[in-house]
Structures are given as structure tokens and as C-alpha cells.
Amino acid sequence: MAVWYEVLHTEKDIHNFMECNSHFHDFKIERVSYNPDSNIAELFLRYDELEGSVILRFVGVCSMNVNIQVEFGDADEIAGSVLLLTEKGQFIWIAEDSWGDKSMEHIEELKQSSSWIQAERLIWATTDKEGKPTELPADKIDQTWDNYGKIEHHHFDLT
């Protein structure tokens, strides 16, 4: 049975979601779909031959742009991404994190050259090796990071 999580409209929930998924560093946008009848867009972000891949489901899409950079016959990996909350309370996920905490100040510049989706809600799920939604693995909720020899334990409370 698939377990879907929703990102709440709080900075804490956004931070937990992004940290839990390593800001999608080294993920690839494998598939994008949009259903105009339900106004839902889905992004399938692949990581390591599907192990640890994620589906992002954007509900109430306001606008979106897909800009895939292709080199040597393969789509580039995402170096990192940001999830921002607009003044209207909408999410905007951008496959670019070069501005970090100042991303909102540079939003128009980021939107010019990156893939992005702006929507009312964001729901997500991890996938199994076949790319089907599955329950969130325990090691995704409780993670151990090795930051230059310093071991850190992180627990993510997800909704």
C-alpha cells in the first residue's frame, strides 16, 4: 500500500521535506505529467536506478515550466532544489538552489532557466525499484549523516 505525505504550509514542514530528500541533490527528472481535468502535475524524480526515487504530486497547479538540460544523451542531475512559499500561500518547487536562502529574491531569474512548478498543495511518496509508490522506509525518516567525519542523526516528522 502506498503512503503519501503532504507538505504543510509551514517553514518547518518545508524544511523537513527538503532535508529528508536531500534537497533532491543528484536526482533526475525522469517523467513529468499534467492532467488539466484535475489540475494535477506529477514529477517522477529518479535516484540511483529507482532506489529511493520520489513522486511529487502538485495539486491545484497555478503554473509550471519544464526546462531539461540534456548532455551526452542523458538528462542532467539536479544539483539541488528549493521549495518556497509565496505570499499567496502557494508552493513553488524549483530545480535550482544556487541562491539558497535568497532564492525568493531571485525567483524570476530562477524561473527563467530552471524547471519549476507552482501549486496550492504538494503531496509526495517514495517509490520501490519498479517506480511504484510505497511506504516510506524507516531509514528515510531516521537518517544518519556523515558530514566530513562527524556523524549526525536526523529524525523527520512528516505529515
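Notes on the structure follow. Per chain, the residues get numbers from 1 upward, laid out in the order the sequence is written. In keeping with the model being predicted, local features are shown solely for residues with a pLDDT of at least 70 and side-chain atom pairs are shown and tallied solely at 80 or more, while totals for entire chains, interfaces and linings include all residues. Water and hydrogen atoms were dropped before computing side-chain values, which therefore reflect all heavy atoms in the structure.

### Some words on the side chain of Ser115
Stage number 1. Secondary structure elements follow DSSP: runs of H or I no shorter than four residues count as helices, runs of E no shorter than two count as strands, and numbering proceeds from the N terminus. Relative to the helices and strands, Ser115 is located in the loop between α2 (107-113) and β9 (116-127).
Stage number 2. Note on exposure labels: buried denotes an accessible area under 20% of the residue type's maximum, exposed denotes more than 50%, and partly exposed covers the range between, all computed with a 1.4 Å probe on protein chains only. Judged by its relative accessible area of 5%, Ser115 falls in the buried class.
Stage number 3. Identification of polar contacts relies on pairs of N or O atoms within 3.5 Å, with a donor-acceptor requirement for protein atoms, meaning one able to donate a hydrogen and the other able to accept it, and with residues adjacent in sequence counted only if both atoms are side-chain atoms. Polar contacts involving the side chain of Ser115 include one to the main-chain amide nitrogen of Asn67, which spans 2.8 Å.
Stage number 4. The contact criterion used is simple: two residues touch if any of their non-hydrogen atoms lie within 4.5 Å. In this view, Ser115 contacts Ile29, Asn65, Val66, Asn67, Ile68, Trp93, Ile94 and Ala95; residues no more than four positions away in its chain are not counted.

### Considerations on the side chain of Asn21
Stage number 1. Mapped onto the elements of the fold, Asn21 is located in the loop between α1 (11-20) and β2 (28-35).
Stage number 2. Among residues more than four places away in sequence, those in contact with Asn21 are Phe27, Val54, Trp124 and Lys140.

### Here we look at the packing of aromatic side chains
Stage number 1. Each pair of aromatic rings taken from Phe, Tyr and Trp, with Trp reduced to its six-membered ring, is defined by centres within 6.5 Å and is described as stacked if the planes are under 30 degrees apart, edge-to-face if over 60, and tilted in the remaining cases. Applying the stated criterion to the full structure yields seven aromatic pairs.
Stage number 2. Aromatic pair Phe24 and Trp93: ring centres 6.2 Å apart, planes at 85 degrees, arrangement edge-to-face. With Phe24 in the loop between α1 and β2 and Trp93 in strand β8 (residues 91-94), the pair connects residues that are 69 residues apart, well separated along the chain.
Stage number 3. Among the residues examined, Trp93 registers a relative accessible area of 0% and is labelled buried.
Stage number 4. Members of the aromatic cluster, each reached through a chain of ring pairs, are Tyr5, Phe17, Phe24, Phe27, Tyr47, Trp93 and Trp124.

### Looking at the pattern of salt bridges
Stage number 1. A pairing counts as a salt bridge when a side-chain nitrogen of Lys or Arg comes within 4 Å of a carboxyl oxygen of Asp or Glu. Taken as a whole and assessed by the stated rule, the structure comprises three salt bridges.
Stage number 2. Note that Arg121 is salt-bridged to Glu6, the shortest N-O span being 2.8 Å. Of this pair, Arg121 sits in strand β9 while Glu6 is found in strand β1 (residues 5-6), placing the two residues 115 residues apart along the sequence.
Stage number 3. Here Arg121 falls in the partly exposed class, since its relative accessible area comes to 33%.
Stage number 4. For Glu6, a relative accessible area of 24% translates into the label partly exposed.
Stage number 5. Between Glu42 and Arg57 there is a salt bridge, and its shortest N-O distance comes to 2.5 Å. Here Glu42, found in strand β3 (residues 40-46), pairs with Arg57, found in strand β4 (residues 54-65); they are 15 residues apart in sequence, far enough to count as distant.
Stage number 6. Using a relative accessible area of 21% as the deciding quantity, one classes Glu42 as partly exposed.
Stage number 7. Since its relative accessible area comes to 25%, Arg57 is described here as partly exposed.

### Observations concerning unusual backbone geometry
Stage number 1. Non-glycine residue His23 carries a positive phi angle of around 55 degrees.
Stage number 2. Tracing the chain through its elements places His23 in the loop between α1 and β2.
Stage number 3. When its relative accessible area of 28% is taken as the criterion, His23 is described as partly exposed.
Stage number 4. In this structure, Tyr148 is a non-glycine residue whose phi angle is positive, near 55 degrees.
Stage number 5. Here Tyr148 lies in the loop between β11 (142-147) and β12 (150-155).
Stage number 6. Residue classification places Tyr148 among the exposed positions, given a relative accessible area of 86%.

### A word on a nonpolar patch on the surface
Stage number 1. A cluster of nonpolar side chains, contributed by Val32, Val66 and Ile68, occupies part of the molecular surface with about 200 Å² of accessible area.
Stage number 2. Inspection of the secondary structure puts Val66 in the loop between β4 and β5 (70-71).
Stage number 3. Judged by its relative accessible area of 40%, Val66 is partly exposed. A residue counts toward a patch only above 30% relative accessible area and without a salt bridge, and it is joined to like-charged neighbours within 9 Å or, for Val, Leu, Ile, Met, Phe, Trp and Tyr, to nonpolar neighbours within 5 Å. Here the accessible surface of atoms and residues is derived via Shrake-Rupley with a 1.4 Å probe, and residues count as covered only by protein chains that are part of the display.

### Section: empty space enclosed by the protein
Stage number 1. A cavity here means a set of 1 Å grid points, computed over protein atoms only, where a 1.4 Å probe fits but cannot escape. A pocket is an open set with protein on both sides within 12 Å along at least 5 of 7 lines, and lining residues have an atom within 4 Å of a point. Grid points are joined across faces, edges and corners, and a volume is the space filled by probe spheres set on the points. Within the structure shown, the criterion is met by one cavity of 30 Å³ or more.
Stage number 2. Approximately 40 Å³ is the volume found for the largest cavity.
Stage number 3. Around the largest cavity sit Ile29, Val32, Leu43, Asn65, Val66, Trp93, Ser115, Trp116 and Ile117, which together line it.
Stage number 4. Sorting the residues of the lining of the largest cavity by element identifies β2 and β9 as the ones contributing at least two each.
Stage number 5. Put simply, Ala, Val, Leu, Ile, Met, Phe, Trp, Tyr, Cys and Pro go in the nonpolar bin, Asp, Glu, Lys and Arg in the charged bin, and everything else, Gly too, in the polar bin. A per-class count over the lining of the largest cavity returns seven nonpolar, two polar and no charged.

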